[in-house]
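Given next are the chains, with one letter for each unit.
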Amino acid sequence: MTLTESATADPQVASAATAVTTSTPGSETQTLAQPFVTSDGSAIGRLFVMVSLLWAMFAAVIGALVAFGRSDAVEPAEVFAGLNAYFRMWTLYRVSLMLLVLLPLLLGVAMVVVPRQVGAANLAFPRAALAAFWSWLIGSVIMVVSVLAGGGWGALDGVTRNEGDAMALTLLGTGLVIVALLMGTLSLAATVIALRDAETSLLDVPPFAWSMLVASAVWLFTLPIAIANIVVVYADLRGRAAIAFGRAESPDIWLQLDWLFEQPAVYLMAVPVLGIAAEAVSAVLGTRFGRPEAIAAIVGIFALLAVGGWSQDYFTAPQDLRDGLVYVAFGLAAVVPVAALIGALGMQATQNPLKPQQLIDTRMIGAAAALLVLGAATVVGALRVIEPLDLLESSATWAVFHGVVTAVFIAAVVSMVHWSSELFDASVSKRASGASVLLVGAGGGLLVLSDLVSGFISEESDIMALALDGSVLLNVLNFVGSVTFALGIAAIVAAVAQAMRVREAAEATLQASTA
Amino acid sequence: MRTTALPAPVATRPRTVAVGSLLATGAAFIAFAGLVVIYVQQRQHARATGQEWFPEGSVELGPAGMMMMTLVLSMVTVQWAVQAARTEDRPHGFIALAVTLLFGAAVINQFWFVYADTAFAIDDGVAQLLFYVVTGSFIAMLLAGLAMFTVTTIRALMGSPGRDLAHTVQAAAIYWHMCVLCYFIVWYVVFINK
């Protein structure tokens, strides 16, 4: 039996071989050097997706350990050998989820899908996009290694000279990661604006492309403000003695950056969720949404409410800003566009009786779960800004964060299933991706619930919510939620690895047949 | 032939380089604006609590005004280079580039003078730290602008005839004009309003 015969005996490999032949002409000439020299936007997007999924595994493990540290079984300082180390991991978990996992994951999917959706032959500035990937990867390694070496974004319990130096390195890594993501975002936005099909107006582009364009605008006009924060902190930290902003022995550095992980800025990750959900539901139903301009408007309004550079409270007294009308209005209004989209897609879904296979489709379940979790996160965000509830400085902050993270990750899984042939030239296992959606949804739900309930019960503000006040049950729920979330990530990583193996087998088949 | 048989006009899209340049320029401006906002907030806080921001008479307005004038002039020479690149006029293009580089160098030299004149140490206080952060970031942006402008202009002028690269010079010019706008903000916020 020849290699070709053995490979094509597997129908999955055979269909992938067809996809490889039709989608990537010349792929047989791929070499080990390709990731360093490619100017193919799809290949660069795949690199982002692969590496960000690996970082997702890392972040999930850190998250589970941090949750374990909050449980009653051990003291937080015992898990990571000291309070400073615990604080480092607590912050690393949040930063890595946003900058190493979710933003690059969405960017990667968009780099593959969006040019095709708008009729562009390739991504605009593909070399800049490749530079963005490698800068992001180098920056993320610098960031993580420096945190593990004693750096991080401040400390709670004094620092040594070496730890101060490591913190400077962490800031450099963080800055590099943000600049790289901005370069990739710029490349994507320019593709939609300048390279789309001549006959397609901006409002006619598919919902995902539109949501990525709008998200790109928010990212381009929000993330640079974090760079400004980092520049100020770095300049102070590297002085002979830090005088105000870069005091390494305090949590001040984190407090200057935490606005990025709190509402409204935290919603900037979630803008593409709306586009992915709209496309997935339409694809499963087999109908186009009747009022595409309504979807565009909903996505645009939500993006506007995610602009958050103005909401940092480190430089002013917190009550000046966060009790202000604008902050409260942003918090309350964010519920509206998500609810509107849920209503619009719900109406579309119920126009005709749903078939059972439509109801159990991973994309349908995932889109519904992502929107409902995002809706729940915005509702928690709305509760958080209602002053009498006194949730602003409580763990409810992290309930919003976890809700958004859960929604974005589920939407990313949906996108990987929906565009699996474009992304991987092979289909992603529906069973594994379905399990991933359910596990991530359940785990994220538990995290949101435990953080929110703790926020109501807790009487003291605590930036880390080191111990969830209330009961042992909450701490256990939080830990179980983190582990379940991690299992969900492992499921989709396994599914993607399987798809990539099928793709490699298909390429081998193709090479054998051409030889 | 009936006019209805004619093909539909092709929609014109902005050049990719121009779009990319606008987006990058916007992002750079936002980052710089973020720095200036921190500066203003800290100064307001200091004044509200009765603290002195800069020691009396330590920051002179004269050199800062000269820099403003120099940069305004550079906007003209930058557009001169863009026009020369469009018409593939090498002599004018190189003169415009040289004069722009001279203006840029003059501004950096003037900043050197300002730093020597004020004699601030970076860790003297919040005011001094932020003074160096804001002006230092501006100098870094200006150097990036000079490098970008030089490379694009030389590529456009030395490239093969007929190959239209003037839009790359225009893209660099957009960034340069944003730098001048940033300096206008520095001039007003840091030097005039001290």
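Not measured: the values here are computed from a predicted model.

Cut-offs and rules
Residues numbered from 1 in each chain as written. Chains lettered and ligands numbered in written order. Predicted model: local features only at pLDDT ≥ 70, side-chain atom pairs only at ≥ 80, totals over all residues. Heavy atoms only, no water. Helix = DSSP H or I, 4+ residues; strand = E, 2+ residues; numbered from the N terminus. Rg over C-alpha atoms; globule rule 2.2 N^0.38 Å. Buried < 20%, exposed > 50% of the residue type's maximum accessible area, 1.4 Å probe, protein only. Contact = heavy atoms within 4.5 Å. Areas by Shrake-Rupley, 256 points an atom, 1.4 Å probe, with all protein chains shown as cover. Lys, Arg positive; Asp, Glu negative; His and termini not counted. Charge placed at Lys NZ, Arg CZ, Asp CG, Glu CD. Axes fitted to C-alpha atoms, helices over the stretch in contact; angles between N-to-C directions. Parallel < 35°, antiparallel > 145°, perpendicular 65-115°, else oblique. Left-handed = near helix turned anticlockwise from the far one by under 90°. Nonpolar A, V, L, I, M, F, W, Y, C, P; charged D, E, K, R; others polar. Domains from an automatic or database assignment. Buried area = accessible area lost by both parts, 1.4 Å probe. Salt bridge = Lys/Arg side-chain N within 4 Å of Asp/Glu carboxyl O. Polar contact = N/O pair within 3.5 Å; in protein donor to acceptor, adjacent residues only side chain to side chain. Phe/Tyr/Trp six-rings, centres within 6.5 Å; stacked < 30°, edge-to-face > 60°.

Considerations on the overall build of chain A
Phase 1 of the analysis: Assigned secondary structure in chain A consists of 21 helices and 0 strands.
Phase 2 of the analysis: For a compact globule of 515 residues, the expected C-alpha radius of gyration is about 24 Å, and chain A comes in at 23 Å, within 12% of that figure.
Phase 3 of the analysis: Taken along its principal axes, the extent of the C-alpha atoms in chain A is 65 × 50 × 45 Å.
Phase 4 of the analysis: For chain A, the residues scored as buried account for 60% of the 515 residues in total.
Phase 5 of the analysis: Partitioning the intrachain contacts of chain A with sequence separation of at least 6 by distance along the chain shows that 83% fall at a separation of at least 24.
Phase 6 of the analysis: Total accessible area on chain A stands at roughly 18800 Å², and carbon and sulfur atoms take up 66% of it.
Phase 7 of the analysis: If you average the places of the 21 positive and of the 36 negative side-chain charges in chain A, the two averages end up 8 Å apart.

Details of the overall build of chain B
Phase 1 of the analysis: Scanning chain B from N- to C-terminus turns up 5 helices and 0 strands.
Phase 2 of the analysis: Written out in order from the N terminus, the α and β elements of chain B read α-α-α-α-α.
Phase 3 of the analysis: Relative to a compact globule of 194 residues, whose C-alpha radius of gyration would be 16 Å, chain B shows 21 Å and is clearly more extended.
Phase 4 of the analysis: Along the first, second and third principal axes, the C-alpha atoms of chain B reach 80 × 40 × 20 Å.

Describing the packing of helix 9 (residues 207–237) of chain A against helix 4 (residues 126–158) of chain B
Phase 1 of the analysis: Here helix 9 of chain A crosses helix 4 of chain B at 125 degrees, and the two axes come no closer than 10 Å. Taken as axis vectors, helix 9 of chain A and helix 4 of chain B run oblique relative to one another. Relative to helix 4 of chain B, helix 9 of chain A is oriented so that their crossing is right-handed. In contact with Val231, Val232, Ala235 and Asp236 of chain A of helix 9 of chain A, helix 4 of chain B contributes Leu129, Leu130, Val133 and Ser137 of chain B.
Phase 2 of the analysis: Residues belonging to the contact of helix 9 of chain A with helix 4 of chain B are distributed by class as follows: 6 nonpolar, 1 polar and 1 charged.

A word on the domain arrangement of chain A
Reports of interface size often rely on the accessible area that becomes lost once the parts have come together.
Residue and element names in this part refer to chain A.
Phase 1 of the analysis: Examined at the domain level, chain A breaks down into domain 1 (1–30 + 268–515) and domain 2 (32–261).
Phase 2 of the analysis: Between the C-alpha centres of domain 1 and domain 2 the distance comes to 18 Å.
Phase 3 of the analysis: Every contact between the two is made by 59 residues of domain 1 and, on the other side, 61 residues of domain 2.
Phase 4 of the analysis: Overall, the association of domain 1 and domain 2 removes approximately 5300 Å² of surface from exposure, summing both partners, and the carbon and sulfur fraction of that is 75%.
Phase 5 of the analysis: Summed over the shared surface of domain 1 and domain 2, the result is 0 salt bridges.
Phase 6 of the analysis: At the boundary of domain 1 and domain 2, one finds 9 residue pairs in polar contact (both at pLDDT 80 or more).
Phase 7 of the analysis: Going through the elements one at a time, helix 11 (271–285), helix 12 (292–304), helix 18 (396–418), helix 19 (420–424), helix 20 (430–457) and helix 21 (472–514) are the ones with two or more residues in the side of domain 1 that touches domain 2.
Phase 8 of the analysis: Counting residues per element, the side of domain 1 that touches domain 2 draws most heavily on helix 21, at 14 residues.

What to know about the interface of chain B and chain A
Phase 1 of the analysis: With 29 residues of chain B at the contact, the number on the chain A side is 30 residues.
Phase 2 of the analysis: Between chain B and chain A, the buried area comes to about 2400 Å², and carbon and sulfur atoms account for 76% of it.
Phase 3 of the analysis: At the surface where chain B touches chain A, the tally comes to 1 salt bridge.
Phase 4 of the analysis: At the level of elements, helix 1 (16–48) and helix 4 of chain B are the ones that each hand at least two residues to the side of chain B that touches chain A.

Some words on the packing of aromatic side chains
Phase 1 of the analysis: Taken as a whole and assessed by the stated rule, the structure comprises 35 aromatic pairs over all chains.
Phase 2 of the analysis: With a centroid separation of 6.2 Å and an interplanar angle of 75 degrees, the aromatic rings of Trp310 of chain A and Tyr327 of chain A are classed as edge-to-face. Taken together, the residues span a long stretch of sequence, with Trp310 of chain A in the loop between helix 12 and helix 13 (318–322) and Tyr327 of chain A in helix 14 (residues 325–333) at a distance of 17 residues.
Phase 3 of the analysis: Between the aromatic rings of Tyr314 of chain A and Phe315 of chain A, the centroid separation amounts to 5.1 Å while the plane-to-plane angle is 85 degrees, which identifies the pairing as edge-to-face.
Phase 4 of the analysis: Through a chain of ring-to-ring contacts, the aromatic side chains of Tyr39, Trp53, Phe54, Phe111, Tyr115, Phe120, Phe131, Tyr132, Phe138, Tyr183 and Phe191 of chain B assemble into a single cluster.

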